[in-house]
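Residue strings, one per chain:
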Amino acid sequence: MKVNFYVTCIGDALKANMARDSVLLLEQLGCEVLFPERQGCCGQPALNSGYVNDAKPAMKSLITAFEDNDYPIVSPAGSCTYAIKSYPTHLADEPEWAARAQAVADRMQDLTSFIVHQLGVVNVGARLPGKAVYHPSCSLFRKLGVKDEPIALLNNVEGLELLPIINQETCCGFGGTFSVKMSEISGEMVKEKVQHIMDVEPDYLIGADTSCLINISGRLTREKRPVKVMHIAEVLMSR
């Protein structure tokens, strides 16, 4: 199967290992991965801040970048996936662009959903001994309804034990620009999240949205906690 890969800004600029492992994982599962070079920022920071009109050039550029073919578009970030799926609403006053946005949005899929539902795979042959906590990001879990897919994949990682924590589905406090606008509240939220994580003393914190992982990792580092933070793609490529 041919698929387009949407790398995201964080994957491109900050977490190249996550992007690399996402591509390697897809290739390992038999996909031919295409990378439209004209892709850029999805405009999510501006959209989250209410600057919809300012985000439109980025939105239209991304739509154009993915119109060269009709293959699925796979992203390793729920937040960016949701942002692109919201394009038709933001472009509703421009019917032609709204239709083009819908065609792209319909092809957007989160990495874990694509693997489980499109490829029909739950065991990718990964091995990672140790105990882990999985953090369900709000964009993935609440907005896209992706709840069971990451867990199904992680439950089939040899040697990995998933540990439940108190308020597991509570937001980590990042929320994109929320962490900047409401920094004190955000700080208390991630502090509480880390407290619940450390109550079970895991070896790993795993998530499917790098932005949340960066936020939680920052708090873990400040508290000098010996927990390795990993994107699910990195876990699924462990051997």
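Residues numbered from 1 in each chain as written. Predicted model: local features only at pLDDT ≥ 70, side-chain atom pairs only at ≥ 80, totals over all residues. Heavy atoms only, no water.

(A) Summary view of the pairing of strand S8 (residues 228–231). With four bridges joining them, strand S7 (residues 204–207) and S8 adopt parallel strand pairing. Paired with Tyr204 across the bridge in S8 is Lys228. Once you follow S7 into helix H13 (residues 210–222) and on to S8, the crossover reads as right-handed. (Pairing = 2+ DSSP bridges. Helix = DSSP H or I, 4+ residues; strand = E, 2+ residues; numbered from the N terminus. Right-handed = clockwise from strand over helix to strand, strands pointing away.)

(B) Spotlight on the pattern of salt bridges. Applying the stated criterion across every chain yields a total of 10 salt bridges. Residues Glu169 and Lys147 are paired through a salt bridge, measuring 3.6 Å at the closest nitrogen-oxygen approach. Residue Glu169 is found in the loop between strand S6 (158–162) and helix H11 (178–181), and its partner Lys147 is found in the loop between helix H9 (138–143) and helix H10 (148–155); the two are separated by 22 residues along the sequence. Glu169 gets classed as partly exposed once you look at its relative accessible area, which sits at 34%. According to the relative accessible area criterion, Lys147 is partly exposed, its value standing at 42%. (Salt bridge = Lys/Arg side-chain N within 4 Å of Asp/Glu carboxyl O. Buried < 20%, exposed > 50% of the residue type's maximum accessible area, 1.4 Å probe, protein only.)

(C) Up close: the sheet that holds strand S5 (residues 127–135). Taken in spatial order, the four strands line up as S6-S5-S7-S8 in an open sheet, and their pairing is parallel. This sheet does not close on itself; its edge strands, each paired only once, are S6 and S8. Geometrically, the sheet is characterised by an average inter-axis angle of 35° between neighbouring strands, direction not taken into account. Here S5 runs beside S7; their pairing, made up of four bridges, is parallel. What sits directly across from His135, in S7, is Gly207. Across the face of the sheet, H13 comes into contact with S5, S7 and S8 while running at roughly 175° to S8. (Axes fitted to C-alpha atoms, helices over the stretch in contact; angles between N-to-C directions. Contact = heavy atoms within 4.5 Å.)

(D) Geometry of helix H7 (residues 95–105). Every buried residue of H7 is accounted for by Trp97, Ala98, Ala101, Val104 and Ala105. On an axial view of H7, the arc spanned by its buried residues comes to 120°, and they lie on one face. Summarising the geometry of H7, the exposed residues directed more than 90 degrees from the buried face are Pro95 and Glu96. Residues of H7 that are buried in the fold lie against helix H4 (52–65), strand S3 (73–75), helix H5 (78–85), helix H6 (87–90) and strand S4 (108–110). (Arc of directions from axis to C-beta.)

(E) Structural context of the packing of aromatic side chains. In the structure shown here, the tally under the stated rule is one aromatic pair. Ring geometry for Tyr6 and Phe66: centres 6.0 Å apart, planes at 80°, overall edge-to-face. Placement of Tyr6 in the loop between strand S1 (2–5) and helix H1 (9–13) and of Phe66 in the loop between H4 and S3 is noted, with a sequence separation of 60 residues between them. Here Tyr6 matches Phe66 in class, with each residue buried. Note that Arg100 overlies the ring of Trp97, its terminal NZ or CZ placed 4.0 Å from the centroid. (Phe/Tyr/Trp six-rings, centres within 6.5 Å; stacked < 30°, edge-to-face > 60°. Lys NZ or Arg CZ within 6 Å of the ring centre and 35° of its normal.)

(F) Layout of the state of the cysteines. All told, the structure shown has zero disulfides when counted by the stated rule. Free of any disulfide, Cys31 has its nearest neighbouring cysteine sulfur in Cys80, separated by 20 Å. By relative accessible area, which is 7% here, Cys31 ends up buried. Counting only cysteine sulfurs, Cys138 is the nearest neighbor of Cys171, a cysteine outside any disulfide, at a range of 3.9 Å. (Disulfide = S-S within 2.5 Å.)

(G) The arrangement of the UniProt feature "domain: Cysteine-rich" (unreviewed entry) in the protein in detail. The feature "domain: Cysteine-rich" (unreviewed entry), as annotated in UniProt, sits at residues 3–85 and 133–216 in this numbering. What you have in residues 3–85 is 54% helix and 11% strand, and the ends, taken at the C-alpha atoms, are 17 Å apart. In residues 133–216, helix accounts for 50% and strand for 14%; the two terminal C-alpha atoms are 12 Å from one another. (UniProt positions renumbered as here; feature names shortened; annotations may be inferred.)

(H) Highlighting helix H8 (residues 111–118). Burial analysis of H8 places six of its eight residues in the buried class, the great majority of the element. Of the surrounding secondary structure, the elements contacted by the buried residues of H8 are S1, helix H2 (16–28), S3, S4, H10 and helix H14 (232–236). Just downstream of H8, Gly120 is the residue with a positive phi angle, here 70°.

(I) Spotlight on the sheet that holds S3. With respect to topology, four strands assemble into an open sheet ordered S2-S1-S3-S4, the strand pairing being parallel. For this open sheet the edge positions go to strand S2 (32–34) and S4, each flanked by a neighbour on one side alone. Between one strand axis and the next, the sheet turns by 40° as a mean value, whatever way the strands run. In the sheet, S3 pairs with S4 via three bridges, with the strands oriented parallel. Bridge pairing in S4 links Ile73 to Met108. Sheet strands touched by H5: S3 and S4. Its angle to S4, the strand with the most contacts, is close to 160°.

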